[in-house]
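Residue-level structural notes
Residues per chain, in single letters:
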Amino acid sequence: MMESLFYIAAVVALSATILALTRANAAHALIYLIVSLLAVAVLFFLLGAPFAAALEILIYAGAIMVLFVFVIMMLNLGEAGEESERKGLHPRNWIIPGIMTALLFMELVYALEQVPALTSGVAVSPKEVGIMLFGPYVLAVELASMLLMAGLVGAYHLGRRFNVRNVGSN
Amino acid sequence: MNIDDLQGLLPLLTLAAGATALMLQIAFARNIKLTSFLAVATLLAATLSIVWAGESAPRFVTPLLRADKLALVFSALFCVAGAVTAILSMDYLNNRGDEPEEYFLLLVLSTLGACVLAYASHLASLLLGLELMSVSLYALIAYPDKTKLPLEAAIKYLVLSGAASATMLFGFALLYATTGTLQFSAMAQQLANIDTGNITLLVASVMIVTGLGFKLSLVPFHMWTPDVYDGAPAPVAGYLASVGKAAVFVVLVRWFIASNLFRFSILIDCIALLAILSMLAGNGLALLQTNIKRMLAYSSVAHMGYLVIILVVGSDLAHRPLAIEAGMYYLIAYTATTIAAFGLLTLLSAGKSQKENIQLHDVSGLFWHQPLYACLMLVALLSLAGIPLTAGFVAKFYLISSAVSDGRWILLGSLAIGSSIGIYYYLRVVFYMTRRVEEHKNIPEAAHGLIEKFMTCTLIASILLLGIVPQSLMEYLRSILQLVN
Amino acid sequence: MGGLQVPLEHVQVLAALLFSCGLLGLMLRRNIIFMLMSLEVMLNSAALAFVAAGAKWAEADGQVIFLLILSVAAAEISVGLGLVLQIQRRFKTLDMDSANRLRG
Amino acid sequence: MNSLSLIPALPLVSAVLLMIGSARLSKRVVAIFGVGSVGLSALIVASVAQDFLTTGEVQTATLWAWISVANFTPGIAFYIDGLTVVMMSVITGVGFLIHLYSVEFMESDESFARYFSYMNLFVAAMLLLVMADNLLLLYLGWEGVGVCSYLLVGFWYRDPNNGAAARKAFVVTRIGDTAMALGLFLLFTELGTLQIQPLMAAANVQWSGGGTLPVLATALLLGGAVGKSAQLPLHTWLPDAMAGPTPVSALIHAATMVTAGVYLIARTHELFLLAPATMQAIAWLGVATVLLAAFAALAQNDIKRILAYSTISQIGYMFLALGVGAFSAGIFHLMTHAFFKALLFLGAGAVIHCLHHEHNIFKMGGLRTRLPVVFASFLIGSAALAALPFTSGFYSKDSILLAAWALPDIGPILWAGGLLGALITAIYSFRLVFIVFFGEANTEPDKQVGWKIAVPLMVLCVLAAFGGWIGQPLSEVFPATADFHNVAHSVEYIGIAIPLIGLLIAYLVFLGGQLSVSKLTDSSLGKALQNFWRDGWRLDALYHNLLVRPFTGLARLCRNEPVDIFYNSIVSFLRWSHRGLVSLQTGELRWYATTMVFGLLLLVAIMLRNAS
Amino acid sequence: MSLAILIGILLVGGLLALLADRWGDGTPRWVSLVTIGVALVYLLTTVADTAPEYFNTTAAIGSDWITYLKLDWIPRFGISFELAMDGLSLLLVILTLLLGLIAVSSSWSEIDFKQGLFQANLLWTLAGVTGVFLAMDLFLFFLFWEVMLIPMYLLIAIWGHENKAYAAMKFFIFTQFSGLLMLLSIVVLAWQASLTNGSYSYSYFDLLGTTLNSNLEFWVMLGFFLAFTVKLPGFPFHTWLPDAHTQAPTAGSVLLAGILLKTGAYGLLRFAIPLFPEASMNFAPIAMSLGAAGVIYGAVLAFAQTDFKRLVAYSSVSHMGFVLLGLYAWNNIALQGAIMQMVAHGVSTAALFMMAGAIQHRLHTRDMRRMGGLWHDAPRMGACALFFAVASLGLPGLGNFVAEFLVLLGLFAVNPWITAIAALGMIGAAIYALWMMQLAFQGKPEELREFGDFGSREMATMATMMIILVCLGMYPQPVLDLAQPVLDSLQKLTPNIEAVVALTQVGVMDQ
């Protein structure tokens, strides 16, 4: 049961990702991406990481994707860009990236064959994670806050002017 | 965590506190003078704090950070470099755009990231340090808001750097899957039992090397370098080229030493390959550049190629101390030199003319109308070219000494060829600077404050001092590295 | 919970697949929004690999790192999207092939 | 000792002073310095010679140690024996007369001081050459006279032809000099010294006669001698060297410098005696040169070129003498030749001087009455040159021919060759006299000779006529030659008769007209032969095609530095690779990502390849 | 200490000259002149104090140094500030300072742009060259070796002629690349020595006896050889020289030809041969062949040139070929010849370059096809040119002859065939030297040409050089005596040399 659930989720995640990355319409792509993230959240859950699964949904699918949505809406990316995007996805453009990706994937798979052991399936509860976070990783949390501050300040500085002076000189 | 631990982290704490203070100050009252003063003060205070921090070193502060002399020395270096960048940027920012205050905040945050990298002894702190530094840099690169180039540079850097980080993270994950630990020294114990032919481990290492190699802009992960340097504001480019690379290199060396990755000879061979490619391609790419920033970018590719030689040499335990010492010296010399070279570009483009891309003909005749700045450039270029009496020469000598003792002839040959090509493009700048007055027309407006002059003299002096009396620094590095090992 | 009997290998292969998809997107797409999405996919795949490895060792470290990756992704994307706004404003396009002044 | 060093020092100092003060000194002062210094030298030489003749002692003097490295210790040192005395006397004596002559000859030249400076320098160098006690100092003088010759041949530097002639003179002799230098290296390396007397002593001890080393060493020295003395095959410079002022030709290219080769061989004759093969080669070279130059002289129209070829020919006799071992005879002919050839040149100079620098003999004629002094001197000089009986040339040439005859095996052939040369010598010398001084007058002289020209001419006339009776103190220097007195009288008679026959032929052809050669000369073969001889057997053209053109061609080919092609190709490669690399930097984000993936792919592939 | 002061005087003088630009228009050149004069006087007085002992000792190596100075510098690598002077260095330092004076004189009226900086660079070049001749620590030696290039580079790049960028760059890259190889060699040598000694040292004296395996020794020797041969310059590494000479200002050419080239010869003599005696000996046939090739090639190309300075430059190539021959013939006579050639060539070529500079200053061309008949306009100049032309073709009685003769004489004992080939260079020298005279000074003078003859300053300079050359030619013994102890000690260092010489000897002996 669990196993089949895992494989279903995996297929969903993969196909949703592929679809997301091949859409011409950004909004559609975003929806697929969210689906993919949700599928990954299921995987997390199945792997015994409920805390991660929750965060995946809350922050990734929730917060970060909303940012995307916000930007897409704001820029009003609609039909106008679609045509050129479709052109960009012409099969001819697929050849080199496709081959390289396939090669890389095969190399990785080959390398991963040697990863030993099976999953224990032991769940790690949010409590244990919390203890770690405020134990050995306390400084990491602090640093993450600094990182987010940097992101915040950067995003503020870059984003704040968008509507005020829309018409740039060059 | 006790008070001694905190004492060991003093530079980080100072920077973090400074950053918070800056943020608050900006939030409540925008005042560029105050902000810049505060930022410089923070950076200098962090520099000075290593004196006290050193008293409690070496120690682990949580598994994530290791406060030892090496970390402190490089923290100090990064803070000084940050301070110099901040000072040099003042005039530049005054003439560029509005709301310049966040610039200093981001600079402090970026320096914090670099210092974290110097302290890192855990993949988590490595990740955070790297990202903190990078994320701040993305914003710094795109900071001026009147032209397109910074934006383009920033987005290129962001996307590629993100991909590199993801690759590195994937490598971490594989590493973690194989060894079950994230801490460098614990990893060493696990790795000791692992066969040197373990594919997963090797692939993981290679992915991490890719990620870090990207930051160091080793060939073939160097493509972004010229575009980003070119588009970024000169002071930021200088900071990125010096601190941005030195921090990554320090952590790379730490990781290699602590978890003894030198055992994996095939990995070392890969690094040697990257080194050779970087030395040759970097110099080849720089050869006919007329844009000085791009030229410096390619030259930094080559210099990183020289630098990673020491990782190769370090694979032999007998020569590792010398190699690491050489690498550390090289980093310091390179940082000083790069800051100086880009500092000059900053000063030259500080004027209101808003000229961002300094071309060769823009420095034409610089010797005659800005002798002091020209001297700075001359010294910096000679140091980059590795001419005696400059820091760059002693560093290169150090590097060669270590490589010779390990008999790495192919690397040395590439270094010799690369350096000789390098002389051409460095000297070309010198030649342009010495062109007669009548031969050039457009003189860029240069900054001419007292502070700038003072900074120029200081930079010249530091490069020359490192080149003429290197003994005390050598001894100091030697002593602290013995402790580290 | 627990009792999932899937080889770790399979999870890793899935992560590798997702990672490759991310790279593919990066190499294929010209629109910066899609590039950022690809980036998200790559980071997400790394996170998946971490969580799987954490599950293997039954340690919390995997999830802690996941959390950190999450914050990294958030920070990167926020700055990235800020840049996207500016690019749209300056270049009037999000096509990175045409927003290309720096070269050579 | 002091007086010895003064001999070369006086002209040297005078030369330097004249060079420094050339712009300021008046012509009179210049003349006093120039002539006076040589005159003083001549006086000192006379006293030295007097001493020598009375005491018969060899004098030596060392001024200072020149170089001292390991066992190489040549000094600035002189060695005066009979040979040196003869040479010094000729140089300073004839030199003085020619200097005096020059004062009038060069009167109107603006570079008067420069001229005398060079001339004095030449005399000094020549004196060093003959006085040197070691071969290095000799070499110094040897090269010194070469440079002076160069300077004086190219004295009128505005005409590029003169410059070319001067350079030719220097370079051709330099070829010989280089051989000679190699000879010196060989001698020093093998024998450990360059001091002439010890060297010859050592050679006699260490070397067996006829060995390879003596032959090699002497052959190399001979190379130098051949170059300097304008013998086959390095004689081509001398006719061209006539571009210089005529007194220069008289002094350098007739009386002194060109005989330096003869002097060198005579000086080191003990070495040559150890190498019979070289000796024989010298003899053959001598005869060949005698004939070749004599025929060439026969076809010349330029008065100075006739004399130049004649000089080559006469030195050929000297070489013949040396080659057959008659060193005294060679030196004797050297001296008499100095007298009569200087006389002829000075006479020719006087003709040229009086005829607005006309050189072509066919444009002269009938000068017998107009320039009587010159005619007299020419007559006497030609007689001596043709070796008419009882002139100085007769005695010297006769002894050479007799010595050649006396040589076993090849002697008669050499003798016959020399005799044929003598015949032609007589023909061409009187051809010159008859054409220039008899017959129709084609040009009027615009001036007469003054006393400064006349006096030297007359003195030289006397010497040329009676110089054959001057004894030479050479018996100590050279080994005694074979006794000629038992030579058949017929040989002697033939030797006396041949020049007279030559004179007769010349008379019949050029003056009397009884014997017409026009049929011969007008035939195509005759014309061709005439041109062939006039061009000096076309050796110049041969050398030009064989040596000069390849050299200049090579130089032209290399002008733009062929080695740079190699370095430039490196540069081109770098540029090319730079362009290639830069073209990868397209600025496209997707492409950059692709390269990153490529790099990753590559690294992983390396890992997999090596791990598996 | 005195040696450091000597270098210090020149460095400080350079700074003063730089500042002197503010004090008045012509001041820098006076500062420069005085500085070199002071340095020369200082050197001579110091030497006069200590030298007598030097010349009296016939003692072993190490004690035959006139003065010696050693200060710790970078103990980490056993690097010290080690200066020492023996007869050879003394000779070359005197030559350096002397030619420094001449260079100042030749730049007297030529330079009107940034005179202070010009003189400063000139003095700093001199300081660097002096350092090269005195340094006994290989690291220090390398430092001076490289550093002197920078002021030289600036001299060419700033005050050079039309194609200065190319020339300066070529000069710098050639010397830098070979210098880098030498640095590698130095480091390898020091490292090998440290394996046996236990600690790093870059001191010449510590490295002298180092034994390397023969393969490594060859490569290390080659590194040194290349660096020095490029500087010398030996065929086929000479191509930077004609360009650099042609484009440099007169004073630059004078320095370049007069002393910079000598550093290469000095390096071979001081370092390359003594440090690696066996490898050098095995390499000698190749080195000598290169030398002979250089002699011939230089002579042929000199003849082919139409540019006055280029011609002189190629003649330098030819002359320095003799130095290479002399050094690798490796016997007393040839070595003395090589040293003599260094001095004599320094003077004669410097004079010719000065001549070329003077002509260019007056005619604004170096193309000899556009000259001709200059003797008429400037007889003094012509006489000087003639003197130095015949000096450079090796006229006996002048210094160059003594040098060439000794070289060939010594070489003949080692290899007669190479001697014979090199001797052809004497003919070549005659051809190009006289050709130069013909093109520039003889022939038809152009009418209506304003062409000033040498003034008294120039004549004084020229006369000095003439007197030096005549002295060298007629009484070279002081120079030979000065160098002899050095050569003696070198020969002591390599007792097995004679055996090797016997092996490489080809020729007459066997016949």
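Keep in mind that what you see is a predicted model, and the values were worked out from it rather than measured. (Residues numbered from 1 in each chain as written. Chains lettered and ligands numbered in written order. Predicted model: local features only at pLDDT ≥ 70, side-chain atom pairs only at ≥ 80, totals over all residues. Heavy atoms only, no water.)

Description of the overall build of chain A
Stated precisely, the cut-off is as follows: The helix count covers DSSP runs of H or I at least four residues long, the strand count covers runs of E at least two residues long, and both are numbered beginning at the N terminus. Exposure categories follow from relative accessible area, calculated using a 1.4 Å probe and restricted to protein chains: below 20% of the type maximum is buried, above 50% is exposed, and the middle band is partly exposed. In this analysis, two residues are considered to be in contact whenever any of their non-hydrogen atoms come within 4.5 Å of each other.
Regarding its fold elements, chain A presents 7 helices and 0 strands. For chain A, the succession of helices and strands along the chain, N to C, is α-α-α-α-α-α-α. Expressed as a percentage of the 170 residues in chain A, the buried residues total 46%. In chain A, the share of contacts with a sequence separation of at least 24, taken over all contacts with a separation of at least 6, comes to 62%.

A few points about the nonpolar core
Rules: Among buried residues, the Ala, Val, Leu, Ile, Met, Phe, Trp, Tyr and Cys ones that are joined through side-chain atoms within 4.5 Å form a nonpolar core.
In terms of nonpolar packing, the biggest core is built from 775 residues, with B:Phe74, B:Phe78, E:Tyr202, E:Phe224, E:Phe308, E:Tyr328 and E:Phe441 touching the most fellow members. At 21 residues, the largest contribution of residues to this core is made by helix H7 (residues 149–179) of chain B. Apart from the residues within four sequence positions on either side, E:Phe224 is in contact with E:Leu138, E:Met182, E:Ser185, E:Ile186, E:Phe271, E:Ala272, E:Leu275 and E:Phe276. Within the second largest apolar cluster, 24 residues are counted, among which are D:Ala283, D:Val290, D:Leu291 and D:Val324.

Some words on the pairing of strand S1 (residues 67–74) of chain E
Residue and element names in this part refer to chain E. Formally: Between any two strands, at least two bridges found by DSSP are needed for them to pair.
As paired strands, S1 and strand S2 (residues 79–85) are joined by 7 bridges and run antiparallel to one another. If you follow Tyr-68 over to S2, its bridge partner there is Ala-84. With antiparallel pairing between neighbouring strands as the criterion, S1 and S2 make up a hairpin whose turn holds 4 residues, including Gly-78 at a positive phi of roughly 65 degrees.

Side note on the interface of chain B and chain E
The criterion, for reference: Here the quantity called buried area is the total loss of accessible area, with a 1.4 Å probe, experienced by two parts when brought into contact, counted for both. Should a side-chain nitrogen of Lys or Arg be within 4 Å of a carboxyl oxygen of Asp or Glu, the pair is scored as a salt bridge. In protein, a polar contact means a hydrogen-donor-capable atom and an acceptor-capable atom, both N or O and within 3.5 Å, with residues adjacent in sequence counting only if both atoms are side-chain atoms; elsewhere, any N or O pair within 3.5 Å suffices. Residue polarity follows a fixed list, in which Ala, Val, Leu, Ile, Met, Phe, Trp, Tyr, Cys and Pro are nonpolar, Asp, Glu, Lys and Arg are charged, and the others, Gly among them, are polar.
The interface of chain B with chain E comprises 36 residues on the first partner and 36 residues on the second. Roughly 3,500 Å² of surface becomes buried between chain B and chain E when both sides are summed, with 81% attributable to carbon and sulfur atoms. Scanning the region where chain B abuts chain E turns up 1 salt bridge. In this structure, the salt-bridge partner of E:Arg76 is B:Glu325, at a minimum N-O distance of 2.6 Å. Joining chain B to chain E, the criterion identifies 4 residue pairs in polar contact (both at pLDDT 80 or more). When contributions to the side of chain B that touches chain E are tallied by element, the ones reaching two or more residues are helix H14 (320–348), helix H17 (391–406), helix H18 (409–433) and helix H20 (471–484) of chain B. Residue composition of the side of chain B that touches chain E, by class: 24 nonpolar, 6 polar and 6 charged.

Remarks on the arrangement of the chains
The structure contains 8 pairs of chains in contact, of which chains A and C account for the largest number of contacts. At the C-alpha level, the nearest point of chain A lies 38 Å from chain E, with no contact between them. With no contact between them, chain C and chain E keep their nearest C-alpha atoms 24 Å apart.

Describing the packing of aromatic side chains
The way to describe two aromatic rings as a pair is by their centre distance and the angle between their planes. We count it as follows: Note on aromatic pairs: the rings of Phe, Tyr and Trp (six-membered ring only in Trp) are paired at centre separations within 6.5 Å, and the planes decide the class, stacked below 30 degrees, edge-to-face beyond 60, tilted for the rest. Consider the ring centre and the ring normal. A charge sits over the ring if Lys NZ or Arg CZ is within 6 Å of that centre and within 35 degrees of that normal.
For the coordinates displayed, the defined rule picks out 87 aromatic pairs over all chains. Aromatic pair B:Phe214 and B:Trp224: ring centres 5.1 Å apart, planes at 35 degrees, arrangement tilted. Residue B:Phe214 is located in helix H9 (residues 199–216), and its partner B:Trp224 is located in helix H10 (residues 224–231); the two are separated by 10 residues in the primary sequence. We note that B:Phe214, like B:Trp224, is buried. Ring centres 6.4 Å apart and planes at 85 degrees place the aromatic pair E:Tyr266 and E:Phe271 in the edge-to-face group. Take E:Tyr266 and E:Phe271: they sit in the same class, and that class is buried. Feature note: the residues E:Tyr68, E:Phe133, E:Phe141, E:Trp145, E:Tyr204, E:Phe205, E:Phe224, E:Phe228, E:Tyr266, E:Phe271 and E:Phe276 constitute an aromatic cluster, connected by ring pairs. Over the aromatic face of B:Phe60 sits the side chain of B:Arg66, whose NZ or CZ is 4.7 Å from the ring centroid. Its guanidinium or amino end placed over the ring of D:Phe155, D:Arg114 lies 4.4 Å from that ring's centre, counting from NZ or CZ.

Re the interface of chain C and chain A
Opposite the 73 residues of chain C that make contact, chain A presents 89 residues. For the pair chain C and chain A, the two sides together bury roughly 7,400 Å², of which 76% comes from carbon and sulfur. In this structure, the connection of chain C to chain A is made through 0 salt bridges. At the level of secondary structure, the elements contributing two or more residues to the side of chain C that touches chain A comprise helix H1 (8–28), helix H2 (32–57) and helix H3 (61–91) of chain C. No other element matches H3(C), which puts 24 residues into the side of chain C that touches chain A. When grouped by side-chain class, the residues that make up the side of chain C that touches chain A number 46 nonpolar, 17 polar and 10 charged.

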